[in-house]
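Each chain is listed here by its residues.
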Amino acid sequence: MKYDVTIVGAGPAGSTTAKFLSEKGFKTLLIDKEKFPRDKPCGGGLPLRVLQRFPYVVNDKIIESYSSSGTIFSPSLQHKIEIYKNTPIIAMTLRKKFDFELVKFATDAGTVFQDGTLVSAVKISNDTAQVTLDHENVIDSELIVGADGVNSTIARTQGLRSRGTEKGICILQEFEVDEKIMDDYFKKSRHVYVHSRFKTAQGYGWMFPKKQHLNIGFGIIQVDKTQKQKLNLLKCYQEYIALLKEEDLIPRDLKEVPVKGGALLTHPLEKTYGDRLLLVGDAAGFINPLSGEGIYYAMVSGQIAAEVIAEALEKKQTSQEFLSKYQTRWQKDFGKDIDLISKVVKRGSMEYAETVFKIACKDPVLTDLMMGVITGQLSVQQYKWKIVRRFFYSSLKNRLHLLK
Ligand SMILES: Cc1cc2nc3c(=O)[nH]c(=O)nc-3n(C[C@H](O)[C@H](O)[C@H](O)COP(=O)(O)OP(=O)(O)OC[C@H]3O[C@@H](n4cnc5c(N)ncnc54)[C@H](O)[C@@H]3O)c2cc1C
């Protein structure tokens, strides 16, 4: 049997592509090498814009909890911006449940799902796109979508990614904690903590409280080549945990669970399409260069890919010239945001970050704007001038000693 589309990887990017394609009536095959439900090392923080753009994810099986307050510490720990709201600032999920539920949306729409199956090779020719499963069976389709994550075999074997592509690295633990203890430490508002540029890393330490889980991690999101050699990720993480205990931010007797690691591309690939081929999500490098957040981009790129593929199949145009529409559309949708954040992150020194905190922590309007951008609630592209204007206004007030 020939499928219209074969999607490799059933994370948020692959499942979203599959759901939208199946809803349009295309014969869609979704493959993952892992048996589902499977876990994926991740903070599990869901920016509210995921819920706004994909309202079908708003259900109790997917959303563990909402956080309506949070603190972000400056690199020196001397300044902090804090926010207390009556409405959520971010949602929390457990990836094992979230990803499985997204697969179910796709299969409910008609997608054929094959888990526990490795795509070991891909071959694209003039009249078909072929994947080899577990080094044995071959499946034909009109198009292939590479949704196979940060180490994408598809991107590498199809010449869309070179060997030396830069990667950020993160480690984390997700502890199961009694709900009552979670309430004591993180309140009903499930107070989120972020330690910006902890240990001078181009990244941060995070603490994401959920209903009965506490997700703690440390990540170097941007690669500073000199620093990568100096920083020992595990040691930084251990020091981070020690700090949290010292400050009494977490219980001292958390039950040990394995430390897990993960990686992220630091910027989108130059080209995310080829003949009969599109890349979505982490495989294409769609990550927020400040926060390392990628679920939103994974799902949006899946949605855009499904739209372009539908047009391609209807017009019988599967060449890369036609599929380049995909790149134009994601760039217009979220690519400019990623570009802008990347520029700010690359220019921002430690001293600059410290100054921003010093000023923002005295100005609730600026705090709100910054929190909105960091939690992925606000589009940087849309709010950039508002943030810049407010920052200069606050800096001036600060100089004139008008801020308390
Ligand atoms: C430590 C860490 C913390 C993070 N925290 C957050 C956060 O709090 N919020 C947020 O929004 N983002 C976060 N991210 C980013 C987020 O996890 C990713 O952006 C997101 O998972 C991307 O989804 P995806 O579908 O592209 O890839 P993935 O979720 O990685 O899915 C890829 C799938 O492809 C499968 N696969 C790979 N190769 C093959 C093959 N050859 N054959 C078959 N199947 C294959 C894998 O088994 C996997 O299931 C974090 C990332 C890391 C590393």
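These numbers were taken from a predicted model, which means no experiment stands behind them.

Asker: What should I look at first to understand the site of the ligand in this one?
Answerer: Close to the ligand lie 38 residues, the nearest being D32, R38, G43, G45 and D282. In this structure, R38 approaches the ligand through a side-chain N or O atom, which is 2.9 Å from an oxygen atom. The separation between an oxygen atom of the ligand and a polar side-chain atom of D282 is 2.7 Å. Protein contact buries 94% of the 1,000 Å² of open area that the ligand shows by itself. Of all the secondary-structure elements, those providing two or more residues to the shell around the ligand are α1 (12–23), β12 (167–176), β16 (260–265) and α8 (295–315). Residue contributions to the shell around the ligand peak at three residues, all from β16. Class assignment of the residues belonging to the shell around the ligand gives a composition of 17 nonpolar, 12 polar and nine charged. Both domains that meet at the shell around the ligand, namely domain 1 (3–41 + 96–164 + 267–345) and domain 2 (45–93 + 166–265), each give it at least three residues.

Asker: Sorry, what's going on with the nonpolar core here?
Answerer: Proteins that are soluble and globular tend to have nonpolar side chains buried together. Among the nonpolar cores identified, the biggest contains 72 residues, and V57, V131 and Y326 are the most heavily contacted of them. Among the elements that make up this core, the one with the highest residue count is α8 (14 residues). Shared between two domains, this core takes at least three residues from each, and those domains are domain 1 (3–41 + 96–164 + 267–345) and domain 2 (45–93 + 166–265). In contact with Y326, other than residues within four places in its own chain, are T272, L278, L279, V280, F286, S301, I304, A305 and V308. Core analysis: the next-biggest nonpolar cluster, separate from the first, contains 31 residues, V194, L366, I387 and F391 among them.

Asker: Even after reading the chapter, I still don't get the sheet that holds strand β13 (residues 192–196), so can you show me in this structure?
Answerer: Whether parallel or antiparallel, the strands of a sheet pair through hydrogen bonds between backbone atoms. Here seven strands make up an open sheet; going across it, the order is β6-β5-β13-β14-β15-β12-β16 and the pairing mixed. Taken across any chain shown, the strands that pair with only one partner, and hence form the sheet edges, are β6 (80–84) and β16. Each adjacent strand pair in this sheet contributes to an overall mean axis angle of 15°, direction not counted. Pairing of strand β5 (residues 69–73) with β6 involves five bridges; the strand directions are antiparallel. Its bridge partner lying in β6, S69 is registered against Y84.

Asker: I'm lost on the domain arrangement of the protein chain in this one. Help?
Answerer: Think of interface size as the accessible area that goes away when the parts come together; that is how it is often given. Each assigned domain of the protein chain is listed with its residue range as follows: domain 1 (3–41 + 96–164 + 267–345), domain 2 (45–93 + 166–265) and domain 3 (348–399). Taking only C-alpha atoms, the centre of domain 2 and the centre of domain 3 are 21 Å apart. Counting each side, the surface lost to burial between domain 2 and domain 3 is near 1,700 Å², with a carbon and sulfur contribution of 69%. Remark: the boundary between domain 2 and domain 3 carries one salt bridge. Across the salt bridge formed by D368 and K85, the nearest N and O atoms sit 2.9 Å from each other. The tally of links between domain 2 and domain 3 comes to three residue pairs in polar contact (both at pLDDT 80 or more). Elements that contribute at least two residues to the side of domain 2 that touches domain 3 include exactly α2 (48–53), β5 and β6.

Asker: Is there a simple way to think about unusual backbone geometry in this case?
Answerer: Note on backbone geometry: most residues besides glycine have negative phi, and most peptide bonds are trans. A cis geometry characterises the amide bond from F36 onward to P37, with omega recorded as 0°. With respect to the helices and strands, the residue P37 is situated in the loop between β2 (28–31) and β3 (45–46). One non-glycine residue, K187, lies in positive phi territory at about 60°. With respect to the secondary-structure elements, K187 resides in the loop between α5 (179–186) and β13. We note that R276 has phi near 55°; this positive angle belongs to a residue other than glycine. Tracing the backbone shows R276 in the loop between β17 (273–274) and β18 (277–279).

Asker: I'm lost on the side chain of S69 in this one. Help?
Answerer: Within the element layout of this structure, S69 appears in strand β5. A distance of 2.7 Å separates polar atoms of two side chains, one belonging to S69 and the other to H191. In this structure S69 touches I83, Y84, I89, S189, R190, H191 and V192, once residues within four positions along its chain are discounted.

Asker: Whenever I open this one, the sheet that holds strand β4 (residues 65–67) confuses me. Can you help?
Answerer: Pairing in this open sheet of three strands is antiparallel, and the strands run β3-β7-β4 from one edge to the other. Strand pairing shows two members of the sheet lacking a second neighbour, β3 and β4, which therefore form its edges.

Asker: What exactly am I supposed to notice about the layout of surface pockets here?
Answerer: In this model, the second largest pocket occupies a volume close to 370 Å³. Lining the second largest pocket are 20 residues, and of these D39, E174, H213, V257 and K260 lie nearest its centre. Mapped onto the lining of the second largest pocket, the elements with two or more residues apiece are α3 (95–108), β12 and β15 (213–220). A per-element tally of the lining of the second largest pocket places β12 first, with three residues. Of the residues in the lining of the second largest pocket, the class split is six nonpolar, five polar and nine charged. Here the lining of the second largest pocket spans two domains, and each of domain 1 (3–41 + 96–164 + 267–345) and domain 2 (45–93 + 166–265) adds at least three residues to it.

Conventions and cut-offs
Residues numbered from 1 in each chain as written. Predicted model: local features only at pLDDT ≥ 70, side-chain atom pairs only at ≥ 80, totals over all residues. Heavy atoms only, no water. Near = heavy atom within 4 Å. Polar contact = N/O pair within 3.5 Å; in protein donor to acceptor, adjacent residues only side chain to side chain. Areas by Shrake-Rupley, 256 points an atom, 1.4 Å probe, with all protein chains shown as cover. Helix = DSSP H or I, 4+ residues; strand = E, 2+ residues; numbered from the N terminus. Nonpolar A, V, L, I, M, F, W, Y, C, P; charged D, E, K, R; others polar. Domains from an automatic or database assignment. Core = buried A, V, L, I, M, F, W, Y, C linked by side-chain atoms within 4.5 Å. Buried < 20%, exposed > 50% of the residue type's maximum accessible area, 1.4 Å probe, protein only. Contact = heavy atoms within 4.5 Å. Pairing = 2+ DSSP bridges. Axes fitted to C-alpha atoms, helices over the stretch in contact; angles between N-to-C directions. Buried area = accessible area lost by both parts, 1.4 Å probe. Salt bridge = Lys/Arg side-chain N within 4 Å of Asp/Glu carboxyl O. 1 Å grid on protein atoms, 1.4 Å probe; cavity = no way out; pocket = protein on both sides within 12 Å on 5 of 7 lines; lining within 4 Å. Points joined across faces, edges and corners; volume = space filled by probe spheres on them.

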